[in-house]
Structures are given as C-alpha cells and as structure tokens.
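Summary of the model geometry
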Amino acid sequence: MNRPLTLVIDDEPDIRELLEITLNRMNIRTICTENIASAKLLFAQNKFDLCLTDMKLPDGNGLDLVDYIQKSATPIPVAVITAHGNMDIAIKAMKTGAFDFLSKPVDLTVLRQLVNNALKLSEQSHQNKDRRTRHTLLGESQLMRDIRTKIEKVARSQAPVYISGESGSGKELVAKLIHKQSPRHDAPFIAVNCGAIPHELMESEFFGHKKGSFTGATADKKGLFQAADGGTLFLDEVADLPLALQVKLLRAIQEKKIRVLGEQQETAINVRLLSATHKNLNLMVEDGEFRQDLYYRINVIELITPPLRDRATDIPELAEHLLSKLSTNNNQQQPTLSEHAISALKKYHFPGNVRELENILERALALYDGNIIEQEDLNLSVNTDLPNAEKFDPSKTSLEDYLEKIEKEALSRALEENRWNKTATAKHLGLSFRSLRYRLKKLGLD
C-alpha cells in the first residue's frame with residue numbers, strides 16, 4: 001500500500017522541518033515548499049492526499065490556495081496554519097472550504113489528530129462509499145434536495161455546523177447524517193440536550209472531573225468531550241447554555257483542548273462540534289443572553305431545517321413512512337390514508353412539524369376503523385384564532401416562540417374549560433394523555 005503524500009507550504013524553515021519530521025514518523029511522505037506559485041506546480045505534478053498551508057505566504061494568502069485546490073478537478077483536504085489566537089482567519093478559511101485549522105505554535109498531538117482525520121476523509125473519497133441521505137431524510141421537494149446536498153458537503157469538513165430550525169423539524173437527524181457521512185462515522189456520536197443538565201453540573205458533564213475535585217466527586221468521571229473522542233459532539237438546544245459555560249466552550253473550540261475539573265494540565269480533544277436550537281440566537285446575542293464570539297465560532301456553517309408547512313409536497317411520502325413504522329411497532333396492519341386525509345394534512349400548519357405529524361398519525365392509528373384513515377380520524381385542530389394572540393412580528397420574536405405562546409394559551413384555555421382535569425382536556429383537544437402531558441411539561445404548565 002502506498003504511503004500517503006502531504007504537501008506542506010510554509011515560508012519558515014523551522015516549521016517545515018517540524019511538520020516533515022512529525023509526518024515522516026507517522027509513515028507519511030511529504031513535499032515541502034515556501035510559496036503559493038511552487039505549491040500550485042507541485043499540486044499539478046503529484047497526487048497528494050493532504051495539504052498543510054500557512055496563511056501568510058510571500059506571494060499571497062493561504063486562502064487563495066484553499067480556494068484553488070477545492071475548485072480543482074482533484075480536491076483534497078486542506079488544513080490551514082494560523083497565528084496563535086487568530087480564530088477569525090481560521091473561521092474564514094473553513095468558510096472558504098478548508099478542512100480544518102492548526103494554530104502556532106504547533107501542538108504535535110493536535111497535528112497528528114488533524115492529519116489522521118484528513119487521511120480518513122481521503123480514503124473514504126477513494127473508496128467512494130455511498131452514505132447518501134435519501135433513505136433517511138425523506139422528501140423530494142427542492143428544499144430537501146438542497147439540504148441533502150449541503151449535508152454531503154459539510155460532512156467532508158471539520159468546521160463547526162450550526163443547525164437551526166423549529167422544534168420537530170429534524171435537527172438531530174441532520175446532525176446524525178453529517179456524522180454518518182463524515183470520516184468520523186465509525187467513532188461515537190454523542191448528543192446532549194443542553195437544557196436538560198442542571199447548571200451546577202454542566203462543567204463536570206462537559207469536561208469531566210477527577211475524584212475529590214469537589215464535594216460528591218467520589219470517582220473519576222469522563223465528560224462529554226472525552227466520550228465523543230474521535231467522533232462528533234452534538235449540542236442540542238445550545239441556546240440554553242449559561243454564560244459561564246459558554247466561555248469555557250469557546251476556549252475548547254479555539255484551543256482544541258479542555259481542562260478536566262481537578263487537573264492542572266489541559267488535554268487535547270479530537271471532536272467535531274455540531275450544535276442546534278429552535279431559538280433565535282441572533283436576538284439572544286443582541287439581548288446579551290448568548291456570547292457573540294461563541295455564536296460566531298459555532299456558526300461557521302449554518303444549515304436550516306425547513307418547517308414541514310414549507311414542503312407540503314413531501315407530506316404523503318413522510319406519512320407513508322411514519323405509518324409503516326408505527327404499524328410495525330404496534331404489530332398491526334398498515335392502513336392507507338384517504339385522499340381527503342392527505343389533502344387535509346397538506347393544508348395543515350404543523351406548528352410541531354414532523355414530530356407533530358407522527359403524533360397525529362399515532363393517534364389516528366388508535367382511533368380509526370376499517371382499513372382507511374379518513375380525514376376525521378386525524379382530529380386536526382382548526383381553531384387557532386385566540387383572542388389574546390398578538391400579530392406575529394419577526395423583528396421582536398422567533399416564529400417558534402410565537403407558536404409556543406399560541407399553544408400555551410390554547411392549552412391554558414382548554415384546561416380551564418375542563419377544570420384542570422387533564423384526562424378530559426386531552427379528550428377535548430383530541431390528544432393522547434401522554435401527548436398532552438408532554439406538551440404541558442414543555443410549556444411549563446404542569
């Protein structure tokens with residue numbers, strides 16, 4: 001098997017020598033040069049597996065080389081070497097298409113991790129493995145075709161990805177698909193709901209702790225970053241992180257290192273970070289509730305999961321898939337949806353998106369008679385005209401928060417009408433008791 005070949009571009013002889021020695025010890029061949037012009041000639045004459053380039057070069061900017069290689073007929077992973085603390089340049093490089101970044105002075109542990117990740121990507125490309133999203137992220141609308149294409153592209157990078165979208169629109173599914181198609185697919189995918197961790201335990205949960213580092217620390221504990229080592233860490237509802245932890249997360253992203261509670265030394269981490277929330281982070285930044293610098297770091301690449309109402313043509317396929325899954329889970333024969341039922345679903349607003357569609361179909365499976373689910377079996381809510389619902393103003397609130405307010409008012413009114421009898425309220429709203437209980441807990445009405 002041929003040894004991998006890396007192109008190294010840096011105008012500092014000491015850096016070139018350090019990189020060459022380190023890569024040779026990893027059984028990787030290197031060709032070194034000091035400027036962009038010669039790098040382009042070498043790239044045309046050789047079949048490289050990886051490129052490491054400094055940003056500031058005698059005849060130009062490393063970003064030009066990133067763009068040149070990514071637009072070539074044979075693109076390869078390009079990692080940029082930046083001055084210490086210059087994250088703005090690193091982020092700009094990743095937005096241009098760089099695979100990852102490396103800060104000076106070069107940490108050899110971080111360098112080896114980066115190179116191994118990049119070579120896995122090159123090997124995956126050579127093998128042309130088919131990990132397409134078509135059978136997982138359903139829908140043939142243009143919106144879904146576009147997001148599947150974007151997932152395939154961002155999976156090739158190490159850049160942090162911010163997944164935005166309403167509750168129930170499939171943000172975690174998108175995160176899992178990015179991981180599945182990346183060179184990290186054989187390593188762990190760790191998902192955490194940031195809003196579900198008590199604030200006083202967050203630092204320990206994220207970074208781990210040593211025995212005796214605080215009262216109650218009776219044993220060493222691995223944190224989420226260690227659990228996701230080599231793989232992907234998905235921070236769901238990242239907007240719920242307290243400001244104190246946001247500072248520590250920012251440092252972990254910039255330095256690619258963490259400090260375990262109770263330890264003096266920092267530990268290098270090898271984790272791809274994905275994050276998501278249904279909240280409007282822009283507004284939270286303006287209100288001082290979320291750090292602007294952290295938002296800038298996690299939002300190197302943004303993917304927006306579209307609401308179901310914006311891709312109504314996908315509803316028949318989604319409904320068929322969900323009915324098949326639910327029927328199998330319930331050990332019952334799969335019914336069909338009548339044309340009227342499908343038409344009603346396509347017209348429905350779906351404030352809860354795909355998650356709500358699944359709940360509606362699950363409820364219909366329990367109520368319908370015969371072999372066909374009719375429109376009336378769906379029990380779709382049609383009365384959303386609430387007297388206290390103010391007009392939606394996107395400059396003041398996110399759509400998700402606005403819809404949650406409407407839902408909260410509707411549930412509060414239904415509870416009052418049924419004298420806070422939850423069983424009667426669920427029946428009145430056409431919900432299962434479990435679904436009502438979930439909604440009440442989510443909206444703080446329990």
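Here the residue numbering is sequential within each chain, running from 1 through the sequence in written order. The predicted origin of the model limits local features to residues at a pLDDT of at least 70 and limits the giving and counting of side-chain atom pairs to 80 or more, whereas totals for whole chains, interfaces and linings rest on all residues. Based on all heavy atoms of the structure, the side-chain values leave hydrogens and waters out of the count.

**Structural notes on the overall build of the protein**
Helix and strand definitions here come from DSSP, where helices need a minimum of 4 consecutive H or I residues and strands a minimum of 2 consecutive E residues; each element is numbered from the N-terminal end. A tally of helices and strands in the protein yields 19 helices and 16 strands. Along the first, second and third principal axes, the C-alpha atoms of the protein reach 80 × 55 × 45 Å. With a 1.4 Å probe rolled over the protein chains alone, any residue whose accessible area is under 20% of its type maximum counts as buried; one over 50% counts as exposed, and the rest are partly exposed. With 446 residues in all, the protein has 49% of them scored as buried. Contacts are assigned to residue pairs that have any heavy atoms within 4.5 Å of one another. Of all intrachain contacts in the protein linking residues separated by at least 6 positions in sequence, the fraction that spans at least 24 positions is 69%.

**Some remarks on empty space enclosed by the protein**
Residues are said to line a cavity or pocket when one of their atoms sits within 4 Å of a point; the points come from a 1 Å grid over protein atoms alone, cavities being sets where a 1.4 Å probe fits but cannot get out and pockets being open sets with protein on both sides within 12 Å along at least five of seven lines. Grid points are joined across faces, edges and corners, and a volume is the space filled by probe spheres set on the points. Summed over all chains, the structure comprises 2 cavities of 30 Å³ or more. What the largest cavity holds in volume is close to 290 Å³. Contributing to the lining of the largest cavity are 19 residues, with Gln158, Ile253, Lys256, Val271 and Arg272 lying nearest its centre. For the lining of the largest cavity, the elements supplying multiple residues, two or more each, are strand E7 (100-103), helix H5 (108-127), helix H10 (243-255) and strand E13 (272-277). Ranked by residue count, the leading element in the lining of the largest cavity is H5, at 4 residues. Grouping the amino acids of the lining of the largest cavity by side-chain chemistry returns 11 nonpolar, 4 polar and 4 charged. Polar here means any residue other than Ala, Val, Leu, Ile, Met, Phe, Trp, Tyr, Cys and Pro, which are nonpolar, and Asp, Glu, Lys and Arg, which are charged; Gly is therefore polar.

**Some words on the environment of glycine 352**
Checked against the element boundaries, glycine 352 lands in the loop between helix H14 (339-347) and helix H15 (353-367). In this structure the C-alpha to C-alpha distance between glycine 352 and leucine 245, which are 107 residues apart in sequence, comes to 30 Å. Excluding residues that lie within four positions of it along the chain, glycine 352 makes contacts with Ser167 and Gly168.

**Side note on the sheet that holds E7**
Sheets are built from strands that pair by backbone hydrogen bonding, the pairs being arranged parallel or antiparallel. A pair of strands is labelled paired if DSSP reports no fewer than 2 bridges between them. Pairing within the open sheet is parallel, and its 5 strands lie in the order E2-E1-E3-E6-E7. Sheet topology places strand E2 (29-33) and E7 at the edges, where each strand pairs with a single neighbour. Ignoring strand direction, the axes of neighbouring strands in this sheet form an average angle of 20°. Here strand E3 (residues 50-54) pairs with strand E6 (residues 78-82) via 4 bridges, running parallel. Counted as the bridge partner of cysteine 51 is valine 78 from E6. Working convention: axes come from line fits to C-alpha atoms, limited for helices to the stretch in contact. Angles between N-to-C directions cover 0 to 180 degrees. Across the sheet, helix H4 (residues 87-96) touches E6 and E7, and the angle it forms with E7 is around 160°.

**A look at the pattern of salt bridges**
Criterion for a salt bridge: a side-chain nitrogen of Lys or Arg within 4 Å of a carboxyl oxygen of Asp or Glu. Per the stated rule, a full pass over the model turns up 22 salt bridges. Note that aspartate 67 and lysine 71 form a salt bridge whose closest N and O atoms lie 3.3 Å from each other. Judged by relative accessible area, aspartate 67 falls into the partly exposed class, the value being 28%. Of the residues examined, lysine 71 reaches a relative accessible area of 67% and is grouped as exposed. The partner of lysine 210 in a salt bridge is aspartate 220, with the nearest N and O atoms 3.2 Å apart. Of this pair, lysine 210 sits in the loop between helix H8 (202-207) and helix H9 (224-227) while aspartate 220 is found in the loop between H8 and H9, placing the two residues 10 residues apart along the sequence. Through salt bridges with shared partners, a single ionic network connects Asp10, Glu12, Asp54 and Lys104.

**Concerning the environment of glutamate 203**
Within the element layout of this structure, glutamate 203 appears in helix H8. C-alpha separation for the pair glutamate 203 and arginine 25, spaced 178 residues apart in sequence, amounts to 36 Å. Filtering out sequence-adjacent residues up to four positions away, glutamate 203 remains in contact with Gly208, Leu245, Lys248 and Leu261.

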